[in-house]
Amino acid sequence: MQVLKFGGSSVGSAEAINQMLSIVISRIEKEKTIVVVSAMSGVTDELIILAQTAAQGDVAYKTIIQNIQQKHLDAVHALVPNKEQSGIISLVKQLINELESHSENLFMLKEFSLRLQDKIISYGELLSSKIISAIFESKGIKQEWVNSSELIKTNSNYFNAVVDKPLTYKNIASYFAAPENAFDLYIAPGYVASDAEGHTTTLGRGGSDYTAAIYAAATDAIVLEIWTDVSGMMTADPRMVQNAKEIPEISYQEAMELSHFGAKVIYPPTIQPVMQKNIPVWIKNTFDPNHAGTIIKNESSSDKNFIRGISSINDICLLCLEGSGMVGIPGFSKRLFDALAKKQINIILITQSSSEHSICVGVNRQDADLAKIAVDAEFEQEINTHIVEPLMVEKEVSIIALVGEQMKSHPGVSGKMFGVLGRNGINVRAIAQGSSEKNISAVVATKDVRKAINVLHEEFFETTYKQVNVYVAGAGNVGSKLLDQIKKQVPYLQTTLRLQINIVGIANHQTVSDVYMQLLGKAVSVVACNKIACSSPYEHYAKLKALAREFNTSFLFETNVGASLPIIGTLNDLIRSGDNINRIEAVLSGTLNYVFNNYDGSIPFSKIVRQAQAEGYTEPDPRLDLGGTDVMRKIMILAREAGHKIEMTGITNESFLPASCFNGSVEDFYTEMEKQEPHFKKIYEAAAAKNCKLKFVASFQINADRKGTAKVGLQHIEPSSDFYHLYGKDNLVLFYSMRYPELPLVVKGAGAGADVTASGVFADIIRAARV
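So, a few notes on the structure that sits alongside this text.

Thresholds applied
Residues numbered from 1 in each chain as written. Predicted model: local features only at pLDDT ≥ 70, side-chain atom pairs only at ≥ 80, totals over all residues. Heavy atoms only, no water. Helix = DSSP H or I, 4+ residues; strand = E, 2+ residues; numbered from the N terminus. Buried < 20%, exposed > 50% of the residue type's maximum accessible area, 1.4 Å probe, protein only. Pairing = 2+ DSSP bridges. Expected span 1.5 Å × (residues − 1). Contact = heavy atoms within 4.5 Å. Axes fitted to C-alpha atoms, helices over the stretch in contact; angles between N-to-C directions. Salt bridge = Lys/Arg side-chain N within 4 Å of Asp/Glu carboxyl O. Left-handed = near helix turned anticlockwise from the far one by under 90°. Nonpolar A, V, L, I, M, F, W, Y, C, P; charged D, E, K, R; others polar. Parallel < 35°, antiparallel > 145°, perpendicular 65-115°, else oblique. Patch = residues over 30% accessible without salt bridge, like charges linked within 9 Å, V, L, I, M, F, W, Y side chains within 5 Å. Areas by Shrake-Rupley, 256 points an atom, 1.4 Å probe, with all protein chains shown as cover. Disulfide = S-S within 2.5 Å. Phe/Tyr/Trp six-rings, centres within 6.5 Å; stacked < 30°, edge-to-face > 60°. Lys NZ or Arg CZ within 6 Å of the ring centre and 35° of its normal.

1. What about the environment of Lys 139?
Structurally, Lys 139 can be placed in the loop between α6 (123-138) and β3 (144-145). Between the C-alpha atom of Lys 139 and that of Val 80, which follows or precedes it by 59 residues, the distance is 8.8 Å.

Next up, the structure:
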């Protein structure tokens, strides 16, 4: 005997049923077969709504019945030749009449009953199985319709009944052993059963899988095949993880763990009956029957993927009982579990601190309010005397589980799991791990589930490349160059650094610095090209740095000073290695250096500035450069990175621009510069007369009291100075420190331009990715 189960999607339409028919016909040529079918897709949900609508006294229940009838009649019309339809149509209408009668009883009572609801819901499987049985008959294939309700016996826990296995197995064995029931093909409805009084019960949502497993175990079947709309089990839910992989084989224990923790392919209780009989289970795709699928068996083969899969359960609540009076006192856990059990509240996860000060359990969200009432009532005396706190209920949480039998022989799995969650800013609220080490479970905020599963999947299953998702805010000069550089560098990054950079979004750059704190607080690394954040009030700057440390993420801004020159990185290395900065002298404006390197009085100063702007060296408003504001920000950032608290108001700016140049628009600025040409020529001639060059220099000096002073301004640079031979748009920084007291550490190179700035941002992205 073999058992084939077809889910709702596999019998959800005429096309699907035709596919199912061809699969079954090919199977019965080799072995006697029991086919277990679910209701057509969506019908069980409609029947639940039907029962609720009727119980509320709403005549709309009749419309629901009409829709259900039409759906099944449409399937008959599409699948059965016209001359053979009348008998099947009569059968469908008879079942619909029975359904209508039960619904009318609920409507008249106006009182919801789980027993009547089970009776109504059972018609989904009855209708689909009767129609499929009749279709086989119409094709000349001898078969027997089996009444699962008569054979599978349960208790009276309606909607989620518990099977009496000894009696059920005996009933099924006797039925198939009877000579009058000797057929090659049997069609049975899944999901439905009955209690000792003969009332219809159901086995819980997804219970048709369980029905099939019961038939397989009771008949000692050679195989159980579960046909669905996916090609087997996967390492994660493909709706959440784009790169989820197929699992060719998996053990019973691993499959149970994954199904318990939310894997939808198989109903959790299904495994137990077949595992006891060592019956292999195949998960197959009705719509791709040649695909191998997944086999579930006693042991899965050992391979490098010692983690089999990652799963999750949403819609849970975490219940925490804690109090100083619990320490060292036996019985608290038992009383907690008893209080929940009396209210038939299922516990999904348990975790307890070693100090015995608290115990936490996970339950379904719909049970949370009832659980609090029950537990608070149980511990009322202890709560009133402040020995125990009232039960705390934490909602909007979910469980993620890492599953694999071979974890026990691979140390460090837990550390790796919680390390990757921590690095990605995912807070773990509770942890549970069985002594068998088949799964590690963690409770996280529901809003973090998708991110958690993806980063875990990348860590354990996608070892080829580290995936780095980049969101680019601003695609102007620098942003567009950055995108080009990333695109060209893809092969190198993959081959050499094993990095895969994914551009996941591009946005307007306005106000992006306002969300840096939120991003860092979510462990999202920030690479800042704009100086707004780091030149903001010191308190805000320090908070951003602190958030990066707290959430173990990166806040990088190398291009804030000197484009891609390693200025901030070098300064950080000096400080981290124990050096102390005594003085910084620098030419930090590529714009100003370009302007004064090209201005000799023969061409108007305003034209030189326009040329610098046209070549992308200036800020959109060049006054930020020429007025010294940009250089002030840069020297302030360097001073802060050297460990000093400094604000813009504490920096002296010896500006060379006349005050009138700061009025009006950018065009007004250029017009005013033309008027002020004699002023600029006078400045140049004064320097040239001394055989000096003009450079806009920033300096930061540490005084004897270890307090720093900073200033910026135009200076006459003599030929003996390091700054004299500084050409084009180059920057130069001199670090005088405890280790470099006389001869400074020098950083020199191009300090402006979209290409070099983009390359600095790119380098910071790679640094953040490799943390």
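There is more to say, and it comes next.
2. A closer look at the pairing of strand β16 (residues 439-445)
Most of β16 is tucked away, with 6 of its 7 residues classed as buried. Sheet analysis places strand β15 (residues 428-433) next to β16, joined by 5 bridges and oriented antiparallel. Each bridged residue has a counterpart across the sheet, and for Val 428 the counterpart in β16 is Val 444.

3. Looking at helix α19 (residues 538-550)
Taking 1.5 Å as the rise per residue, α19 with 13 residues should run 18 Å; its terminal C-alpha atoms sit 18 Å apart, in good agreement. Summarising the contacts, the buried residues of α19 are in contact with α18 (516-521), β20 (555-556) and α24 (629-641). Positive backbone phi, approximately 50 degrees, marks Asn 552, located one or two places after α19.

4. Quick word on the pairing of strand β11 (residues 309-322)
Counting buried residues in β11 gives 11 out of 14 residues, a clear majority hidden from the surface. Pairing of β11 with strand β14 (residues 392-403) involves 9 bridges; the strand directions are antiparallel. Along β14, the bridge assignment pairs Leu 318 with Glu 394. With 7 bridges joining them, β11 and strand β13 (residues 358-364) adopt antiparallel strand pairing. Each bridged residue has a counterpart across the sheet, and for Cys 320 the counterpart in β13 is Cys 360.

5. Here we look at the sheet that holds strand β22 (residues 651-654)
Pairing in this open sheet of 6 strands is mixed, and the strands run β22-β24-β23-β21-β25-β26 from one edge to the other. Edge positions in the open sheet fall to β22 and β26 (745-750), since each of these has one partner strand only. For this sheet, the mean inter-axis angle between neighbouring strands, taken without regard to orientation, is 15 degrees. Bridging between strand β21 (residues 581-587) and strand β23 (residues 693-702) involves 4 bridges; their strand directions are antiparallel. Looking across to β23, one finds that Ala 586 is bridged to Ala 698. On the sheet, α24 packs against β21, β22, β23 and β24 (708-717) and is oriented at approximately 30 degrees with respect to β23.

6. A few points about the pattern of salt bridges
Under the criterion given, the structure shown has 27 salt bridges. Residue Asp 45 pairs with Arg 205 through a salt bridge whose shortest N-O separation is 3.0 Å. Note that Asp 45 is positioned in helix α2 (residues 43-55) and Arg 205 in the loop between β6 (200-202) and α9 (207-218), a separation of 160 residues in sequence. A relative accessible area of 42% places Arg 205 in the partly exposed class. The residue Arg 429 makes a salt bridge to Glu 394 at a minimum N-O spacing of 2.5 Å. Placement of the pair is Arg 429 in strand β15 and Glu 394 in strand β14, with a sequence separation of 35 residues. For Arg 429, a relative accessible area of 37% gives the class partly exposed. Beyond isolated ion pairs, a larger network of salt bridges with shared partners links Lys 531, Glu 619, Asp 630 and Lys 634.

7. Describing unusual backbone geometry
One non-glycine residue, Gln 344, lies in the positive phi region at around 55 degrees. Inspection of the secondary structure puts Gln 344 in the loop between α12 (332-342) and β12 (347-352). In this structure, Asn 552 is a non-glycine residue whose phi angle is positive, near 50 degrees. Relative to the assigned elements, Asn 552 resides in the loop between α19 and β20. For Asn 552, a relative accessible area of 44% gives the class partly exposed.

8. Observations regarding the side chain of Thr 211
Residue position: Thr 211 is located in helix α9. If sequence neighbours within four positions are ignored, Thr 211 has contacts with Val 36, Ser 148, Ile 152, Pro 189, Gly 190, Tyr 191 and Leu 203.

9. Section: the packing of α2 against helix α5 (residues 114-121)
α5 packs onto α2 with a crossing angle of 145 degrees between their chain directions and a minimal axis gap of 9 Å. Two packed elements cross with a definite hand, and for α2 against α5 that hand is right-handed. Contact with α2, carried on its side by Thr 44, Leu 47, Ile 48, Leu 50 and Ala 51, involves Gln 117, Ile 120 and Ile 121 of α5 and no other residues of that element. Residues of the contact of α2 with α5, tallied by class, amount to 6 nonpolar, 2 polar and no charged.

10. Notes on the packing of helix α17 (residues 477-497) against helix α27 (residues 754-769)
Where α17 meets α27, the axes come as close as 9 Å, and the angle between the chain directions of the two elements is 45 degrees. What the angle tells us is that α17 and α27 run oblique. For the crossing formed where α17 meets α27, the hand is right-handed. Where α17 approaches α27, its residues Asn 477, Val 478, Lys 481, Leu 482, Gln 485, Ile 486, Gln 489, Leu 493 and Leu 497 are matched on the opposing element by Ala 754, Asp 755, Thr 757, Ala 758, Ser 759, Val 761, Phe 762, Ile 765 and Ile 766. Looking at the contact of α17 with α27, its residues break down into 11 nonpolar, 5 polar and 2 charged.

11. Considerations on a nonpolar patch on the surface
A surface patch of nonpolar side chains, amounting to about 170 Å² of accessible area, comprises Val 515, Leu 519 and Val 524. Relative to the elements of secondary structure, Leu 519 occurs in helix α18. With relative accessibility at 31%, the residue Leu 519 sits in the partly exposed group.

12. Describing the state of the cysteines
Scanning the model with the defined rule gives 0 disulfides in all. Just so you know, Cys 317 is unpaired, no disulfide at all, and the nearest cysteine sulfur is the one on Cys 320, 11 Å from it.

13. Concerning the packing of aromatic side chains
In total, this model carries 20 aromatic pairs according to the counting rule given. Arranged with centres 5.6 Å apart and planes meeting at 50 degrees, the rings of Tyr 538 and Tyr 541 form a pair that is tilted. Here Tyr 538 pairs with Tyr 541, and both are found in helix α19, just 3 residues apart, close to one helical turn. In this structure an aromatic cluster arises from ring pairing among Phe 596, Tyr 599, Phe 605, Phe 656, Phe 680, Tyr 684 and Phe 696. Directly above the aromatic system of Trp 145 lies the positively charged group of Lys 130, at a separation of 3.7 Å from the ring centroid.

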